[in-house]
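# Topology and contacts: notes
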Amino acid sequence: MTTTYAALLRGINVGGRKKVPMAELRQLMEGLGHDGVRTHLQSGQAVFASGHGDEESLAAELAQAIQEHFGFAVDVIVRDHAYLAAIVEACPFPAVDLEAKQLHVTYFSAPVDADRFAEIDRKAYLPEEFRLGDRALYLYAPDGLGRSKLAEHLAKPRINKGLLATTRNWNTVVKLVELTAE
């Protein structure tokens, strides 16, 4: 049985570092035996179909291939269409009423619980807010991610210790659902 997935690559093609040309990424993934490989934007999203492996093994396989081919490590999270669609459905914020730059999802490599974020004084960051989901964190940042003090705090290594994490804006979150549905 073939499943359609999105691969989320963290920190590529930003500021001239960790350059991964999308055409090369597609070829690399096809070389791993994946079908229907497509990329979205230059910032690290690829959609593919695979009949072998699971999310974790596919992510590890792709991360290793990127390391070997490009010569640097890249964190990779792989999620299937059902998961991506469930993330959109479970959004605790009124996504239809917000600009895409105001709403973000951070995908985690493993489940997270509220204890990890207990030290954060949520009131100190208002009107910014976050809520937890299934291996995800939803962030409402009315002035955008680049100006978000809460996002800066949430990205601290001690909070994310032991996890891979990568963030996408709401437009990309929704687009990945569309692309993995095809």
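Shown above is the structure to which this text applies.
In this report, we go over the structure that sits alongside the text. (Residues numbered from 1 in each chain as written. Predicted model: local features only at pLDDT ≥ 70, side-chain atom pairs only at ≥ 80, totals over all residues. Heavy atoms only, no water.)

## A short note on the nonpolar core
The condition that has to hold: Buried residues of nine kinds, namely Ala, Val, Leu, Ile, Met, Phe, Trp, Tyr and Cys, make up a nonpolar core once their side-chain atoms join them within 4.5 Å. With a 1.4 Å probe rolled over the protein chains alone, any residue whose accessible area is under 20% of its type maximum counts as buried; one over 50% counts as exposed, and the rest are partly exposed. Secondary structure elements are defined from DSSP: runs of H or I of at least 4 residues count as helices, runs of E of at least 2 residues count as strands, and each element is numbered from the N terminus.
Counting residues in hydrophobic clusters, the biggest one holds 23 residues, and the most contacted among them are I87, V105, Y107 and W170. Looking at this core, the elements that each hand over two or more residues are strand 1 (3-9), helix 3 (81-89), strand 5 (103-108), strand 7 (136-140) and helix 5 (170-181). The biggest single contributor to this core is helix 5, with five residues. Within the second largest apolar cluster, 22 residues are counted, among which are L25, M29, A46 and V74.

## Section: the layout of surface pockets
Over the atoms a probe the size of a water molecule is rolled, and this reveals where empty space is left. As a reminder of what qualifies: In this analysis the probe radius is 1.4 Å and the grid spacing 1 Å, with only protein atoms considered; a cavity is a set of points the probe fits into but cannot get out of, a pocket is an open set with protein on both sides within 12 Å along at least five of seven lines, and lining residues have an atom within 4 Å of a point. Grid points are joined across faces, edges and corners, and a volume is the space filled by probe spheres set on the points. Side-chain classes follow a simple rule in which Ala, Val, Leu, Ile, Met, Phe, Trp, Tyr, Cys and Pro form the nonpolar group, Asp, Glu, Lys and Arg form the charged group, and the remainder, Gly included, forms the polar group.
Volume-wise, the largest pocket comes out at about 470 Å³. In terms of lining, the largest pocket is formed by 18 residues, of which the most central are R10, T106, A155, A165 and T167. Elements represented by at least two residues in the lining of the largest pocket include exactly strand 5, strand 7, helix 4 (149-154) and strand 8 (165-169). Per-element accounting of the lining of the largest pocket gives the leading share, four residues, to strand 8. Here the lining of the largest pocket is built from residues that sort into 11 nonpolar, four polar and three charged.

## Topic: the packing of helix 1 (residues 22-31) against helix 2 (residues 55-70)
Note the cut-off: The convention used is that axes are lines fitted to C-alpha atoms, helices contributing only their stretch in contact, and that angles between N-to-C directions extend from 0 to 180 degrees. Note on angle classes: values under 35 degrees are labelled roughly parallel, values over 145 roughly antiparallel, values of 65 to 115 roughly perpendicular, and the remainder oblique. By definition, any crossing whose near helix is turned counterclockwise from its far helix by less than a right angle is left-handed, and any crossing with a clockwise turn is right-handed. Here, residues are in contact when the closest pair of their heavy atoms is within 4.5 Å.
As a packed pair, helix 1 and helix 2 sit with axes 11 Å apart at the nearest point and diverge in direction by 125°. As far as their axial angle goes, helix 2 and helix 1 are oblique. The chirality of how helix 1 crosses helix 2 is right-handed. The segment helix 1 lies against helix 2, with E24, L25, L28 and M29 engaging L62, A65, I66, H69 and F70. For the contact of helix 1 with helix 2, the residue count by class is seven nonpolar, one polar and one charged.

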